[in-house]
Amino acid sequence: MNHLKDVPLNKAYLLLNHGPSTIVTSEHDGVANVMAAAWVMPLDFDPPKLMLVLDRNTWSRHLVEGSGAFVIQLPTRQQAELTLAVGSSNGGEGNKFEQLDIRTSRAKQIAAPIVDGCVAYLECKVISEPHNQERYDLFIAEVVAAYADERAFSNGRWHFSDDQLRTIHYQAGGAFFATGEAFQVSRG
């Protein structure tokens, strides 16, 4: 956790812009859960907002609706097995943090755990949109805190000098790929 550096909120969207798999944590009335989510996207800059698809049959949905908050985390290549595990089990059937021996810390601005070792975190408060939530399972949230591991994200850019810190993308059936090399092009 000592490599984490605050990201200006008006730049928080840059943490998600490359479309990585995410881990979502939430907590309500002292009960916490962790799940994987692939359908997360930035929505706005100021104030920063994002959208999360959260199926009505998940335990996390119950917790997010109760607390009005959640944390989006970007796991690393070395956390692919963990990401698959938290996405393949139901939090309503037991404490995934204990079952999977997940090390956590506390979020900075909201009441929820965060999964240690991720490269970025976006703490979010739900903007109530009952129609979207009920009809489309779509949650809109304001990002109230954002921070990232400066070894992988600094000056508004991802840079993966350590392959183990690369973010991951889920395809299906346990198949992932790691974010590739960055390159620059110029107009002209």
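Reading the values: the criteria
- Residues numbered from 1 in each chain as written.
- Predicted model: local features only at pLDDT ≥ 70, side-chain atom pairs only at ≥ 80, totals over all residues.
- Heavy atoms only, no water.
- Buried < 20%, exposed > 50% of the residue type's maximum accessible area, 1.4 Å probe, protein only.
- Helix = DSSP H or I, 4+ residues; strand = E, 2+ residues; numbered from the N terminus.
- Arc of directions from axis to C-beta.
- Contact = heavy atoms within 4.5 Å.
- Phe/Tyr/Trp six-rings, centres within 6.5 Å; stacked < 30°, edge-to-face > 60°.
- Lys NZ or Arg CZ within 6 Å of the ring centre and 35° of its normal.
- Core = buried A, V, L, I, M, F, W, Y, C linked by side-chain atoms within 4.5 Å.
- Disulfide = S-S within 2.5 Å.
- Pairing = 2+ DSSP bridges.

### Regarding helix α1 (residues 59-67)
Within an α-helix, residues lying three or four positions from one another point in the same direction, as the helix has 3.6 residues per turn.
Part 1: Those residues of α1 that fall on the buried side of the exposure criterion are Ser60, Arg61, Leu63 and Val64. Seen from one end, α1 has its buried residues packed into an arc of 165°, which puts them on one side.
Part 2: Check the buried side of α1 and you find it contacts β2 (22-28), β3 (31-37), β6 (69-74), β9 (120-127), α4 (130-136) and β10 (138-149).
Part 3: Where α1 terminates, the next one or two residues include glycine 68, which has phi positive at roughly 75°.

### Describing the packing of aromatic side chains
Part 1: By the definition in use, this model includes 4 aromatic pairs.
Part 2: Judged by centre distance (5.0 Å) and plane angle (65°), the rings of phenylalanine 153 and tryptophan 158 are edge-to-face. An identical accessibility class is assigned to phenylalanine 153 and tryptophan 158; each is buried.
Part 3: Here the aromatic cluster, defined as three or more aromatic residues joined through ring pairs, consists of Phe153, Trp158 and Phe160.
Part 4: The positively charged end of lysine 108 is found above the aromatic ring belonging to tyrosine 147, 4.2 Å away from the centroid.

### What to know about the nonpolar core
Part 1: Within the largest apolar cluster, 29 residues are counted, with the highest numbers of intra-cluster contacts made by Leu15, Leu50, Phe70, Ile72, Leu122 and Trp158.
Part 2: The next biggest cluster of nonpolar side chains, apart from the first, holds 17 residues, and it includes Ala112, Cys118, Tyr121 and Tyr147.

### With respect to the state of the cysteines
Part 1: Scanning all chains against the criterion turns up 0 disulfides.
Part 2: No disulfide involves cysteine 118; its nearest neighbouring cysteine sulfur is the one of cysteine 124, lying 14 Å away.
Part 3: Assessed through its relative accessible area of 3%, cysteine 118 is described here as buried.
Part 4: On the basis of relative accessibility, which here comes to 0%, the residue cysteine 124 falls in the buried class.

### Some words on the pairing of strand β4 (residues 40-45)
Part 1: In this structure, β4 lies alongside strand β5 (residues 48-53), joined through 5 bridges in antiparallel fashion. If you follow aspartate 44 over to β5, its bridge partner there is lysine 49.
Part 2: Here β4 hands over to β5 after 2 residues, the two strands then running antiparallel side by side.

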